[in-house]
Amino acid sequence: MKKLFLCTCNGTLNKLLDFTRIGKEAKAIYDVVEVADNLCLEEGLAELEKGLSGDDRLVIGACSSQIIGVPMKQRIKNDLVAFVPLREQVGWVHLEEGESATNKAIVLLSDAAVQLDYMESQAEFTENMVGRVLVIGGGIAGLKAASDLHRLGVEVTLLEPFKLDKHHYLQTSVFMSDADTLRSEIQEIQKTILDVERIRGEIREVRGQLGSYEVTINGAKDGSMTQEFGAIIIASGNQQSLPSSAKKMRYGKSERVVTLDSLISNSKKKRAKDRSTILVAVDFDAPMSSVEGSHLLRTTRDLAARGNTIIVVYSDIQTEDENLYREARDSGVIFIRGRVTRIKENDKGLSCRIENTLESMQRDVIADRVAIPRLIGPTIETTQIAEKLGVECDDSGFIRTRYSKMKPVQTSRRGIFVAGGAKMPMSLSDAMASAQNAVLEAFKIVRSPLVRSGWIPVIDDEECDVCKACLDACPNDALRLMDDRIVHIPAHCEFCGICVSACPTRAIEFQSHSKESWFARFEAIAATHKRLEGKKPFSLVFACSECANASIDQAGFVGKQYGTGSYVIQFPCAGMVSPIEILKGLVVGANRVIVAHCPPGGCHHQTGDHLSELVVSLTRDMLREIGQNPDRVRATYMMAAMPDKMQKEVPVRG
Amino acid sequence: MDKRGRLIQKIRNIAVQTPTHILEVPEKVEGFGSINYKPESCSACKKCIEACEVEALDIDLMVQLPAYLSAIIPEEGFRSKNRETLISLLQILKGEGDVQAIPVPSGLSGYGSVVWITEKCIACNKCVEACPEDCLDLEKKYDLPTIIGNVVTPPSISITEWEPFVICFVCWECSHAAADLAGLMHLHYPANIRTVRVPCSGAVEPIQIMTAMENGVDGVLVTGCLLSECHYGGDDPLAGNFMQQDFVHFWQSVFKEIGLGGRLHIDFASAAMGIRFAEIVTEFVEQIRKIGPSPLRGKLEVES
Ligand code: SF4
Ligand code: SF4
Ligand code: SF4
Ligand code: SF4
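About the thresholds
- Residues numbered from 1 in each chain as written.
- Chains lettered and ligands numbered in written order.
- Predicted model: local features only at pLDDT ≥ 70, side-chain atom pairs only at ≥ 80, totals over all residues.
- Heavy atoms only, no water.
- Helix = DSSP H or I, 4+ residues; strand = E, 2+ residues; numbered from the N terminus.
- Rg over C-alpha atoms; globule rule 2.2 N^0.38 Å.
- Buried < 20%, exposed > 50% of the residue type's maximum accessible area, 1.4 Å probe, protein only.
- Lys, Arg positive; Asp, Glu negative; His and termini not counted.
- Charge placed at Lys NZ, Arg CZ, Asp CG, Glu CD.
- Near = heavy atom within 4 Å.
- Nonpolar A, V, L, I, M, F, W, Y, C, P; charged D, E, K, R; others polar.
- Patch = residues over 30% accessible without salt bridge, like charges linked within 9 Å, V, L, I, M, F, W, Y side chains within 5 Å.
- Areas by Shrake-Rupley, 256 points an atom, 1.4 Å probe, with all protein chains shown as cover.
- Salt bridge = Lys/Arg side-chain N within 4 Å of Asp/Glu carboxyl O.
- Pairing = 2+ DSSP bridges.
- Axes fitted to C-alpha atoms, helices over the stretch in contact; angles between N-to-C directions.
- Contact = heavy atoms within 4.5 Å.
- Parallel < 35°, antiparallel > 145°, perpendicular 65-115°, else oblique.
- Left-handed = near helix turned anticlockwise from the far one by under 90°.
- Phe/Tyr/Trp six-rings, centres within 6.5 Å; stacked < 30°, edge-to-face > 60°.
- Lys NZ or Arg CZ within 6 Å of the ring centre and 35° of its normal.
- Buried area = accessible area lost by both parts, 1.4 Å probe.
- Polar contact = N/O pair within 3.5 Å; in protein donor to acceptor, adjacent residues only side chain to side chain.
- Disulfide = S-S within 2.5 Å.
- Domains from an automatic or database assignment.
- Expected span 1.5 Å × (residues − 1).

## Comments concerning the overall build of chain B
At step 1: Within chain B one finds 11 helices and 12 strands.
At step 2: Compactness check: chain B gives a C-alpha radius of gyration of 25 Å against a globular reference of 19 Å for 304 residues, more than 25% above the reference.
At step 3: Counting the 304 residues in chain B, one finds 49% classified as buried.
At step 4: The distance from the centre of the 26 positive side-chain charges to the centre of the 40 negative ones in chain B is 3 Å.

## Observations concerning unusual backbone geometry
At step 1: Even without being glycine, Arg250 of chain A reaches a positive phi, approximately 70°.
At step 2: Backbone geometry at Asp134 of chain B places phi at a positive 55°, although glycine is not the residue there.
At step 3: Mapped onto the elements of the fold, Asp134 of chain B is located in the loop between α5 (126-130) and β7 (136-139).
At step 4: Residue class for Asp134 of chain B comes out exposed when judged on its relative accessible area of 56%.

## So, the site of ligand 3
At step 1: Of all residues adjacent to ligand 3, which total 13 residues, the nearest are Cys52, Cys121, Cys124, Asn125 and Cys127 of chain B.
At step 2: Residue composition of the shell around ligand 3, grouped by class: 11 nonpolar, one polar and one charged.

## Description of a negative patch on the surface
At step 1: Where like charges cluster on the molecular surface, the negative patch consists of Glu34, Asp37, Glu43 and Glu47 of chain A.
At step 2: Position of Asp37 of chain A among the secondary structure elements: in the loop between β2 (32-36) and α3 (42-50).

## Topic: the sheet that holds strand β9 (residues 212-219) of chain A
Residue and element names in this part refer to chain A.
At step 1: Reading across from one edge, β10-β9-β8-β7-β6-β11-β21 is the order of the seven strands in this open sheet, with mixed pairing throughout. Since the sheet does not close on itself, it has two edges, and those belong to β10 (224-229) and β21 (416-418), each with one partner. Across this sheet, the average inter-strand angle for adjacent strands is 35°, counted without regard to direction.
At step 2: Relative to β10, β9 runs antiparallel, the two being bridged by six bridges. Bridge pairing links Val215 to Gln227 in β10.
At step 3: Where helix α13 (residues 380-389) meets the sheet, its contacts fall on β6 (133-136), β8 (197-209), β11 (231-234) and β21, and the angle it forms with β8 comes to roughly 40°.
At step 4: Of the strands in this sheet, β6, β11 and β21 touch helix α14 (residues 428-446), which is tilted by about 170° from β11.

## What to know about the packing of helix α17 (residues 515-533) of chain A against helix α19 (residues 579-587) of chain A
Residues and elements named next belong to chain A.
At step 1: Across the interface, α17 lies against α19 with an axial gap of 10 Å and an inter-helix angle of 20°. Classified by the interaxial angle, the pair formed by α17 and α19 is roughly parallel. The two elements α17 and α19 meet at a crossing, and its hand is right-handed. Every residue of α19 that contacts α17 at Lys515, Trp518, Phe519, Phe522 and Glu523 is listed here: Ile580, Glu581, Lys584 and Gly585.
At step 2: For the contact of α17 with α19, the per-class residue count stands at four nonpolar, one polar and four charged.

## Comments concerning the site of ligand 1
At step 1: Taken together, 15 residues are adjacent to ligand 1, and Cys474, Cys493, Cys496, Gly497 and Cys499 of chain A come closest.
At step 2: Here the residues of the shell around ligand 1 are counted per class, giving 11 nonpolar, three polar and one charged.

## Details of the packing of aromatic side chains
Residue and element names in this part refer to chain A.
At step 1: The final tally for this structure, using the stated rule, is 14 aromatic pairs over all chains.
At step 2: Ring geometry for Phe125 versus Phe495: centroids 6.5 Å apart, planes at 50°, classification tilted. With Phe125 in strand β5 (residues 123-127) and Phe495 in the loop between β25 (485-488) and α16 (498-502), this residue pair connects regions lying 370 residues apart in the sequence.
At step 3: Among the residues examined, Phe125 registers a relative accessible area of 13% and is labelled buried.
At step 4: Where Tyr314 meets Phe335, the ring centres are 6.1 Å apart and the plane angle is 90°; that geometry is what we call edge-to-face. With Tyr314 in strand β15 (residues 309-314) and Phe335 in strand β16 (residues 334-346), this residue pair connects regions lying 21 residues apart in the sequence. As far as burial versus exposure is concerned, Tyr314 and Phe335 are alike and both buried.
At step 5: Linked through ring pairs, Trp518, Phe522, Phe542 and Phe571 together constitute an aromatic cluster.
At step 6: Above the plane of the ring of Phe284 lies Arg339, whose end atom (NZ or CZ) is 4.0 Å from the centre.
At step 7: Between the NZ or CZ atom of Lys645 and the centre of the ring of Tyr637, over which it lies, the distance is 4.6 Å.

## Description of the interface of chain A and chain B
At step 1: Taken residue by residue, the interface counts 33 residues in chain A and 35 residues in chain B.
At step 2: Of the roughly 2,800 Å² buried between chain A and chain B, counting both surfaces, carbon and sulfur atoms make up 64%.
At step 3: Put simply, chain A and chain B have one salt bridge between them.
At step 4: Across the salt bridge formed by Asp465 of chain A and Arg79 of chain B, the nearest N and O atoms sit 2.6 Å from each other.
At step 5: Remark: the boundary between chain A and chain B carries 11 residue pairs in polar contact (both at pLDDT 80 or more).
At step 6: At the level of elements, α17, α19 and α20 (608-625) of chain A are the ones that each hand at least two residues to the side of chain A that touches chain B.
At step 7: The element that contributes the greatest number of residues to the side of chain A that touches chain B is α20 of chain A, accounting for nine residues.
At step 8: Tallied by class, residues from the side of chain A that touches chain B come to 20 nonpolar, four polar and nine charged.

## Things to note about the state of the cysteines
At step 1: As enumerated under the stated definition, the model contains zero disulfides over all chains in all.
At step 2: Of the cysteine sulfurs around Cys603 of chain A, a residue in no disulfide, the closest is that of Cys573 of chain A, at 4.1 Å.

## Some words on the pairing of β15 of chain A
Residues and elements named next belong to chain A.
At step 1: Taken across its six residues, β15 has five buried, putting it largely inside the fold.
At step 2: Taken together, the five bridges between strand β14 (residues 277-281) and β15 define a ladder with parallel strand orientation. Residue pairing across strands places Ile278 opposite Ile310, the latter belonging to β15.
At step 3: One ladder, built from four bridges, connects β15 with β16; its direction is parallel. Each residue of the ladder has a partner; that of Tyr314, found in β16, is Arg337.

## Some details on the domain arrangement of chain B
At step 1: Along its sequence, chain B is organised into domain 1 (34-139) and domain 2 (166-303).
At step 2: Computed from C-alpha atoms alone, the centre-to-centre distance between domain 1 of chain B and domain 2 of chain B is 44 Å.

## Thoughts on helix α5 (residues 98-118) of chain A
At step 1: If you check α5 of chain A, its first and last C-alpha atoms are 31 Å apart, about what 21 residues at 1.5 Å a residue would give, namely 30 Å.
At step 2: Counting buried positions over the 21 residues of α5 of chain A gives 16, a clear majority of the element.

Spelled out as structure tokens, the structure:
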């Protein structure tokens, strides 16, 4: 049975909306209509529970689903439930519109009734996770990850690629912290992982998915072996290299041209004679990370403190610690923004021409030495490992993470994480922290079977052209090509529906959100609106269920008023909207269709904000071309911190 | 250049007038045809492009709105219900004015159309078989005007003393024997022909015919065994001479379009038909005499 439960919100909402009329209208489309005063409190919930049987389909007309949904879920087993936020999206935002607000409530309830018709139970799946974790790389981050996992009681295999041995890490990690700290740190950790399985070798092949990655390793000793892992942590570290400009700086040609680190590390034995003039030529074109910047400042500060004259020619220096810059200046380091264009050697030393890009002036400086800071990049192994594991790298070859703030260790593939310098140059403490973070993520996966539920995309092989558009679009590697058909991997799926809009044949439909369901809902909205409001124009707002929906609820909380002819329809992600839904919205009579997504770069599904902009732009182009006003369709972002967005999009009348 | 490219180059070389008609391709002639493409049901899946071995198809990142708007949706609908929905919605919303194709925003997959490069296509039908959406079919039409493009007519020539010069491809079997017999019988046929012996009339390749023309001959004659008596296939409809007959008819239509009408002929004679052979040659030479010298002689003269 279709049942509607309305809540007066402690006798307030029925003062804003005409509950009698709502109830009367609702009786025509619902089998049962009940009104409670406090649906979210014990008494209300008990009443709700009493009034339901297991196979009832249910609409809750109350406050935002973010609020009422929580206690309800705990009490009620019915999973076919739709929410109509009568408070945040009607009562509180249309205070001045009396009758029209009630009309809007009725329209939304008629939409919800149709929504119920198409609703399916969420798919549930349980997958057993392999308990072992693979850590790749035996540098500080890798050791730390292995050690922490071991301490948590997780089985670990530590794979040390051939070329990345202890020496490599000690050599290339000078910028992380001083060598002694690093060495002692490594020794400490080594002691904790004596019984961890360690293999020297390289990855040959990786198959499978989160929870069961099947990895074949070419070992140094025992030939190849294949083992299953629930999760993988990449910790293949950094390596340092000379910038391409080194040759032009006469590196290798003149003994006076050296790397900056050699001036420091050799200081005890054959330290550069103090009181010499050292020109530090930073590569003009390579971007500098803050770790590299801090290292540069620290090194030059120390060299200056020993009585040398230090001139740093740079284009941009970033640092984690502003004090370092001050300290360097205080020790006498001279900073010139520009580039070294020419170096000539004569008996006095090196004559260096500096082009000052700030003042566009040239000047020549005679230096005893030229020091070149080395660049920090990912190890070559990182690229190879990334390729084998199928994870993405950025332009410099570092492992790309999903969004640096929210999931700083998550690579483009679920179940595979990155720790330490393989992501970007990091200080020792940051590398350790990122290892801990990766361990936590891996631990969450392997500790117990994965139980998930949600509406999933369903692929119809008959309709599928195997065009692979969905594979490219899925941000989570949750679709794969196997035996010339597309296979869905629920363990990876984030239930965003982006694949649906990418599919040119709509061979993919999202459960409960089929094309037919959208169309029927839009039609219900349009028909009810027309019956109650006549010719008054209305807008459809396709809002993503994350930021945009939060922003719209927030408008209610802070009472930002907007016009009534505005019907919000939630999409799991704005990336699921295709031109078809937008055009249908116009065809049923909407004056405007607004697609609301998360702020740029903030999409919870990574690409939805961008994709929805593209879909809207295509739709607008089509409309323009067929002689319609393209401005009837808009894409925009909304977020909880901007509760006035709805007001901007759907202004109050008059 | 591939074989098809060379052939088309040869046709361009010998064309003396701009072709204007799309040609019918005779039934047995394979390798020449036109792909009909319906963008309205295309899913841009690229299956056809993958299937085409000669790269005659390419993806075009355009939404073919004109085709969408003029499409008539069949009763049973398109196979791709999605495209069908899009098209019917667009048709409902269509306002005033002309409609043009629009580019697909870069980064958006699942949209686009296919372009077919006429001159590369060898009409193998592979794309048609590969297309899951039934947007392609192969038609027995050859779009010569598009392929050849504009032709500059060579300067006309004034030849006062002229004897036709004809190349005759004779098949190893009957025709050659017939030619021999004609000789043995001391039958008179014009001395204007040079015979080229080929294993079977079916083995004469168009490129050889074009090359002969390119070098300034006034006509090309192909002779084979009597129909149904081909030594390579007998009365099989796909026997060498049956096939060649259709091909020559096709090339005759091409010749007509490019200003060389009447300069290509095919005929048949058995080994015992020396007289018939002599007649064929005489008739063809007379025909050429009437048409006049090959206009390409002028072109060659200018070039040399
Ligand atoms: S719903 Fe999203 S995550 Fe799941 S398969 Fe589709 S695109 Fe991938
Ligand atoms: S996008 Fe659609 S048609 Fe293309 S492969 Fe995926 S499911 Fe099949
Ligand atoms: S018929 Fe053959 S050659 Fe022509 S486009 Fe199709 S696949 Fe390519
Ligand atoms: S195979 Fe058919 S549907 Fe696919 S791109 Fe080619 S024409 Fe379009």
